[in-house]
Amino acid sequence: MKSAVETLDPTKVKLSVEVTYDELKPSIEHAYQHIAEQVTVPGFRKGKVPPRIIDQRVGRPAVIEHAVNEGLSSFYAEAVRENKLRPMGQPEVEVTQVPGLVPAAAGEEGELHFTAEVEVRPEITLPDLDGLSVTVDDVEVADEDVDARLDALRERFGSLVGVDRPAAAGDFVVIDLVATIGDEQVDQVSGTSYQIGSGNMLEGLDEALTGLSSGETTTFETVLVGGDRKGETAEVSVTATAVKERQLPEVDDEFAQLASEFDTIDELKADLREQAGRIKASNQAVQARDLLVEKLTTETEIPVPAGVVEAEVVRHLESEGRLEDDEHRAEVTEQAQTALRNQILLDTLAEKLDIKVSQSELLDYLVSASRQYGMDPNTFITTLDQQGQIPAMVAEVARSKALAVSLRKVSVVDGSGAAVDLSEFIGTDEEDAELEQAEAEPTQPTDAATDFSSVAFGEDSADEKA
């Protein structure tokens, strides 16, 4: 098989492929077998009809068409691999020459020629990581941070007590609510507890309830956010049947013993300060990651395949039933372009850093993802494998790992210019080396669903794109 690549633009190529008759021959033989099982010819059992009879009854062109359709994806995938292309979309294939439409002498059957235009990952030039620096916020735990965590803990152990006064921000109000449009009642709730300021029901509800005492009723207009009349303006009548405030326990040693394993409030506060410090340190790592991506995208020209973006936009809008919403389309297009630009950046970064995804790293990611979906890990992994999604999961892990490895190479400092150690969150090269060595040692898989030894980590799957 011969193939050649013509670059049409930075994100699109035209692949020209020539396949000899001998290479197509297995597909032709399989086509005859398949057709023989489908047709009924007097005097022949199904599956036993000779090729010459099939040529007479069905026609040689139909056989060749069947063979070409069957073999095209594998020839395309082989050409993609040979030319080291990275398809990002589906190819537009045109068959320009078909061999063997009529019986011919050996060597004179002709060849299969086809072209495939496909959007690919563009070649981009990344800046030198060793010369980059990002500045993150200082890790300073203020008394306010400790107080906020302490108040959150007190709320967990607080109790709601009825009060005889107008409702205020933070109060819990038991409400009866009726929504109408014209003369039609479209929604009703009764006995629902709502905290003023939470903003998780209807726009305007917080303002309507503020100042309302138990037994009082008020009305307001709002746009419905759910149901059959979603998006329409309704008049809402709300009655406060009870007003309650949350009473918090006193900050003392007794509370520390109730809410924690500590005997004194000072010990509890010290632990809360440590927790706040760990969270701020973790936030430093997240901030460093985001700043590095921002810096790399700013300093790198990254063209995005327009067709891939449009396909994602259409898919998104169709799922929401908003194909005709031009304003929303513009928002989704910008989001899709940003996401695709980041993907191209991180895939290129992973390739440049020669990122390897170990079986244990992939398994950890999949188990974590299964918990997010509330699924059994083995069931989740088996489902992904059956859907051919494991390579996509490998790519996700590779992107995350590429960012972690990159952060080890750049200079990360705080506001004072002091170096920030993120090794707790991004690991070290030594740890990666130890993991690779451990993975290289022979092990006995305990479950077929978690055995990924056959997955080609880091390789693009051209067969999936065909």
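This structure is a prediction, so every number in the text was calculated from the model and none was measured. (Residues numbered from 1 in each chain as written. Predicted model: local features only at pLDDT ≥ 70, side-chain atom pairs only at ≥ 80, totals over all residues. Heavy atoms only, no water.)

**Q** Break down the overall build of the protein chain for me, with residues and values.
**A** Counting its regular elements, the protein chain contains 15 helices and 11 strands. Computed over the C-alpha atoms, the radius of gyration of the protein chain is 32 Å, more than 25% above the 23 Å expected from 2.2 N^0.38 for a compact globule of 466 residues. Looking at the 466 residues of the protein chain, the share that counts as buried comes to 35%. When the accessible surface of the protein chain is totalled, it reaches about 26,800 Å², and 45% of it is carbon and sulfur. (Helix = DSSP H or I, 4+ residues; strand = E, 2+ residues; numbered from the N terminus. Rg over C-alpha atoms; globule rule 2.2 N^0.38 Å. Buried < 20%, exposed > 50% of the residue type's maximum accessible area, 1.4 Å probe, protein only. Areas by Shrake-Rupley, 256 points an atom, 1.4 Å probe, with all protein chains shown as cover.)

**Q** Tell me what's going on with a nonpolar patch on the surface, and back it up with residues and numbers.
**A** There is a patch of nonpolar side chains on the surface, built from Val93, Val95, Val98 and Leu101 and spanning about 270 Å² of accessible area. Along the chain, leucine 101 turns up in the loop between β3 (92-97) and β4 (111-119). (Patch = residues over 30% accessible without salt bridge, like charges linked within 9 Å, V, L, I, M, F, W, Y side chains within 5 Å. Salt bridge = Lys/Arg side-chain N within 4 Å of Asp/Glu carboxyl O.)

**Q** Give me a negative patch on the surface: which residues, what numbers.
**A** A cluster of acidic side chains, namely Asp253, Asp263, Asp266 and Glu267, defines a negative patch on the protein surface. Position of aspartate 253 among the secondary structure elements: in helix α6 (residues 253-259). By relative accessible area, aspartate 253 is classed as partly exposed at 35%. (Lys, Arg positive; Asp, Glu negative; His and termini not counted. Charge placed at Lys NZ, Arg CZ, Asp CG, Glu CD.)

**Q** Go over the pairing of β4, please, and point to the residues and values.
**A** In terms of burial, β4 is a largely internal element, seven of the nine residues being buried. As paired strands, strand β2 (residues 12-20) and β4 are joined by nine bridges and run antiparallel to one another. Directly across from valine 17, in β4, lies its bridge partner phenylalanine 114. Judged from the five bridges that link them, β3 and β4 form a sheet pairing that is antiparallel. (Pairing = 2+ DSSP bridges.)

**Q** Describe in detail the UniProt feature "domain: PPIase FKBP-type" (unreviewed entry) in the protein chain, supporting the description with residues and values.
**A** In the numbering used here, UniProt assigns the feature "domain: PPIase FKBP-type" (unreviewed entry) to residues 165-220. This span, residues 165-220, is 9% helix and 46% strand, and a straight line between its end C-alpha atoms measures 21 Å. (UniProt positions renumbered as here; feature names shortened; annotations may be inferred.)

**Q** Describe the layout of surface pockets, with residues and values.
**A** As a volume, the second largest pocket reaches approximately 750 Å³. Elements with a contribution of two residues or more to the lining of the second largest pocket: α7 (265-299), α10 (359-372), α12 (390-409), α13 (423-426) and α14 (429-440). Here the element with the most residues in the lining of the second largest pocket is α12; it accounts for nine residues. Its residues assigned to classes, the lining of the second largest pocket comprises 12 nonpolar, four polar and 10 charged. (1 Å grid on protein atoms, 1.4 Å probe; cavity = no way out; pocket = protein on both sides within 12 Å on 5 of 7 lines; lining within 4 Å. Points joined across faces, edges and corners; volume = space filled by probe spheres on them. Nonpolar A, V, L, I, M, F, W, Y, C, P; charged D, E, K, R; others polar.)

**Q** Give me the lowdown on the pairing of strand β10 (residues 233-247), citing residues and values where you can.
**A** Note: strand β6 (residues 159-162) against β10, four bridges, orientation antiparallel. Counterpart to valine 161 in the pairing with β10 is glutamate 245. With nine bridges connecting them, strand β7 (residues 172-181) and β10 associate as antiparallel partners. In the sheet register, valine 173 faces β10, and the bridge partner there is valine 243. Here strand β9 (residues 217-223) runs beside β10; their pairing, made up of seven bridges, is antiparallel. Along β10, the bridge assignment pairs threonine 217 with threonine 239.

**Q** Account for the side chain of threonine 300, naming residues and giving values.
**A** Secondary-structure assignment places threonine 300 in the loop between α7 and α8 (306-320). By relative accessible area, threonine 300 is classed as buried at 6%. Within the structure, threonine 300 has its side chain in polar contact with the backbone oxygen of leucine 296 (distance 2.7 Å). Contact partners of threonine 300, with chain neighbours within four places excluded, come to Ile124, Thr125, Leu126 and Pro127. (Polar contact = N/O pair within 3.5 Å; in protein donor to acceptor, adjacent residues only side chain to side chain. Contact = heavy atoms within 4.5 Å.)

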